[in-house]
Amino acid sequence: MKSEITSRGGRHSMGKKRKRVAQAEHTGSHFTKKKQAPRDSKESPSPSAKKLSVINDEWQTCLKSWEDIAPLFQSYRKKKIWMPFYYDGECAKHLRSLGFKDVYHKKQDFFQKLSDTAFVQSVDLIWDNPPYTGANLKERVLRALVKTSKPFVMLLPSSILHSKLLQDIADPSLIQCIIPRRVLVRKTGQNTVPFKYLVWLCYRTSLPRDLLFV
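Definitions and limits used
- Residues numbered from 1 in each chain as written.
- Predicted model: local features only at pLDDT ≥ 70, side-chain atom pairs only at ≥ 80, totals over all residues.
- Heavy atoms only, no water.
- Helix = DSSP H or I, 4+ residues; strand = E, 2+ residues; numbered from the N terminus.
- Buried < 20%, exposed > 50% of the residue type's maximum accessible area, 1.4 Å probe, protein only.
- Contact = heavy atoms within 4.5 Å.
- Areas by Shrake-Rupley, 256 points an atom, 1.4 Å probe, with all protein chains shown as cover.
- Phe/Tyr/Trp six-rings, centres within 6.5 Å; stacked < 30°, edge-to-face > 60°.
- Arc of directions from axis to C-beta.
- Pairing = 2+ DSSP bridges.

Asker: What exactly am I supposed to notice about the overall build of the protein chain here?
Answerer: Counting secondary structure elements, the protein chain contains nine helices and ten strands. Counting every position in the protein chain, which comprises 214 residues, the buried fraction comes to 37%. Restricting to contacts in the protein chain with at least 6 residues of sequence separation, those with at least 24 account for 75%. Element-wise, carbon and sulfur atoms account for 53% of the exposed surface of the protein chain, whose accessible area totals about 14200 Å².

Dropping the structure here:
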């Protein structure tokens with residue numbers, strides 16, 4: 001009798017166990033992950049996450065990328081071109097090698113140089129690849145360029161074309177765009193890197209068409 005009671009008790013116990021497993025499989029409870037505690041919303045990001053480096057935003061636009069668009073600006077070959085954003089000086093050499101002889105490119109503060117009224121008036125075209133450490137600097141640069149009333153060509157992320165900023169500060173009838181398939185850039189002494197989703201934003205340049213692909 002003792003063995004029978006043990007046997008029946010074992011079968012009864014196994015039956016309960018199977019039932020619990022079946023219920024778990026039905027509800028998916030054994031796949032349920034524990035909820036993670038919410039992150040402290042007051043936790044501040046690390047200093048490295050906050051810091052934006054001007055150096056990291058500066059790149060040399062390689063000769064091939066200037067070659068791609070140089071034919072569109074042949075009328076400026078004998079005119080004064082200002083390249084205000086100095087990185088390693090190579091971009092001015094690239095332009096000069098393409099026949100643009102009067103290129104002003106020195107390591108000077110862009111915003112301070114704008115206060116030199118006589119110099120700005122002597123410039124025929126402002127053409128460069130500006131560095132950005134954030135939206136505020138980009139806005140300052142674009143506002144300052146528009147305010148000069150000089151033609152300018154700036155290499156920018158293509159998202160600028162969707163921005164309200166551009167609509168607010170510039171006359172849409174004076175905006176033109178050159179869309180490159182890619183732009184080759186590099187850090188000094190390093191290999192070239194192809195960048196996509198960039199646009200040469202042109203203002204007051206009187207190109208043959210408002211939208212050009214190269």
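Asker: Teacher, can you tell me more about the packing of aromatic side chains here?
Answerer: For any two aromatic rings, the description comes down to two numbers: the centre-to-centre distance and the angle of the planes. One pass over the full model with this rule turns up ten aromatic pairs. Between F85 and F110, the ring centres sit 4.9 Å apart and the planes meet at 45 degrees, which makes this aromatic pair tilted. Remark: F110 occurs in helix α6 (residues 110–113) and F85 occurs in the loop between β2 (81–82) and α5 (90–97); sequence separation between them is 25 residues. Judged by relative accessible area, which is 12%, F85 ranks as buried.

Asker: I would appreciate a short explanation of α5 in the present structure.
Answerer: Because the α-helix completes a turn every 3.6 residues, residues three or four places apart line up on one side. Within α5, burial applies to C91, A92, H94 and L95. Along the axis of α5, the buried residues cluster in a sector spanning 155 degrees; they form a single face. Buried residues along α5 sit in contact with β1 (60–61), α4 (63–69), β2, β3 (103–104) and β4 (125–128). Just downstream of α5, G99 is the residue with a positive phi angle, here 100 degrees.

Asker: Any chance you could explain the sheet that holds β1 here in plain terms?
Answerer: Across a sheet, strands are paired by hydrogen bonds formed along the backbone, either parallel or antiparallel in direction. The sheet built from three strands is open, its strands ordered β1-β7-β8 with antiparallel pairing. Among the strands making up the open sheet, the edge pair consists of β1 and β8 (193–195). Looking at chain direction, β1 and strand β7 (residues 183–186) are connected through two bridges and run antiparallel. Bridge pairing in β7 links T61 to V185.

Asker: How should I be thinking about the pairing of strand β5 (residues 152–157) in this particular structure?
Answerer: Look at any regular strand and the pattern is simple: side chains alternate between the two faces of the sheet. Counting buried positions along β5 yields five of six residues, so the element is predominantly enclosed. As defined by bridge partners, β4 adjoins β5 across three bridges and the pair is classed as parallel. Among the inter-strand pairings, W127 is bridged to a residue of β5, identified as V153. In the sheet, β5 pairs with strand β9 (residues 198–203) via six bridges, with the strands oriented antiparallel. Note that in β9 the partner of F152 across the bridge is Y203.

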